[in-house]
Amino acid sequence: MLPELPPLPALTRAEGEFVDAFLQVVDLLGRINPARENDTYSALRAAQALPSRAAELRDALTTMHARGETEVHAGTLARALRVLDGERRAGRVTMPPGAPT
């Protein structure tokens, strides 16, 4: 049985869309990361999907700004990202640990 996750913090719809779109972009960048992937087809497919996901991220931020949400509440959004496994997902974008060459 899986452990019960903490609830997501209260987010506006636009903040939720922002977090979702951000994680989608992060997932795609992780699939493209040449230090972690060895499959060009998977990286190509992720690179092809990246512009539309980046546009969704832009649109979420545009909506937030248009609604007067001028501040990004980093603490709240960070909690949401942690609940949604954002640390692991973002880790795939970075260089894997290893000895310098």
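Owing to the predicted nature of the structure, the values given are computational and were not obtained by experimental measurement. (Residues numbered from 1 in each chain as written. Predicted model: local features only at pLDDT ≥ 70, side-chain atom pairs only at ≥ 80, totals over all residues. Heavy atoms only, no water.)

J.: Describe the overall build of the protein chain, naming the residues involved and giving the relevant values.
T.: The helix and strand tally for the protein chain stands at 4 helices and 0 strands. Going from N to C terminus, the protein chain has its helices and strands arranged as α-α-α-α. Taken along the three principal axes of its C-alpha coordinates, the protein chain extends 45 × 35 × 30 Å. Out of the 101 residues belonging to the protein chain, those deemed buried represent 25%. Pairs at least 24 residues apart make up 83% of the contacts formed inside the protein chain by residues separated by at least 6 positions. Looking at the protein chain as shown, the accessible area adds up to about 7200 Å², and 59% of this sits on carbon and sulfur atoms. (Helix = DSSP H or I, 4+ residues; strand = E, 2+ residues; numbered from the N terminus. Buried < 20%, exposed > 50% of the residue type's maximum accessible area, 1.4 Å probe, protein only. Contact = heavy atoms within 4.5 Å. Areas by Shrake-Rupley, 256 points an atom, 1.4 Å probe, with all protein chains shown as cover.)

J.: Go over the nonpolar core with me, naming the residues and quoting the values.
T.: Membership of the largest hydrophobic core is limited to 10 residues, which are Ala14, Phe18, Val19, Ala21, Leu23, Val25, Leu57, Ala60, Met64 and Leu77. Listing elements by their share of this core, those giving two or more residues are helix H1 (13-32) and helix H2 (40-66). The biggest single contributor to this core is H1, with 6 residues. (Core = buried A, V, L, I, M, F, W, Y, C linked by side-chain atoms within 4.5 Å.)

J.: So what's going on with the packing of H1 against H2? Residues and values would help.
T.: Two elements in contact, H1 and H2, have axes separated by 8 Å at closest approach and are oriented at 160°. Between H1 and H2, the angle falls in the class roughly antiparallel. For the element pair H1 and H2, the recorded crossing hand is left-handed. Grouping the amino acids of the contact of H1 with H2 by side-chain chemistry returns 18 nonpolar, 3 polar and 6 charged. (Axes fitted to C-alpha atoms, helices over the stretch in contact; angles between N-to-C directions. Parallel < 35°, antiparallel > 145°, perpendicular 65-115°, else oblique. Left-handed = near helix turned anticlockwise from the far one by under 90°. Nonpolar A, V, L, I, M, F, W, Y, C, P; charged D, E, K, R; others polar.)

J.: So what's going on with the pattern of salt bridges? Which residues, and what values?
T.: All told, the structure shown has 5 salt bridges when counted by the stated rule. Among the ionic pairs, Asp59 bridges to Arg58, the shortest N-O distance being 2.9 Å. Asp85 serves as the salt-bridge partner of Arg88, at 2.5 Å between the closest nitrogen and oxygen. The class of Asp85 is partly exposed, set by a relative accessible area of 34%. (Salt bridge = Lys/Arg side-chain N within 4 Å of Asp/Glu carboxyl O.)

J.: Which residues make up the side chain of Arg89, and what values do they have?
T.: Of note, Arg89 is situated in helix H4 (residues 86-91). Once you skip the residues sitting within four places of it in the chain, Arg89 turns out to touch Leu23, Val26, Asp27 and Leu84.

J.: So what's going on with unusual backbone geometry? Residues and values would help.
T.: The phi angle at Asp85 is positive, at roughly 65°, despite the residue not being glycine. Within the secondary structure, Asp85 sits in the loop between helix H3 (74-83) and H4.

J.: Which residues make up H2, and what values go with them?
T.: Here H2 is 27 residues long and its end C-alpha atoms lie 39 Å apart, about the 39 Å a rise of 1.5 Å per residue gives. A maximum bend of about 35° is found in H2 at Leu50, where proline Pro51 lies one to four positions downstream. Buried residues of H2: Ser42, Ala43, Ala46, Leu57, Ala60 and Met64, and no others. The N-cap residue of H2 is Asp39: its side-chain oxygen and the backbone nitrogen of Tyr41 are 3.1 Å apart. (Expected span 1.5 Å × (residues − 1). Bend = angle between axes of the 7 residues up to and from the residue. Polar contact = N/O pair within 3.5 Å; in protein donor to acceptor, adjacent residues only side chain to side chain.)

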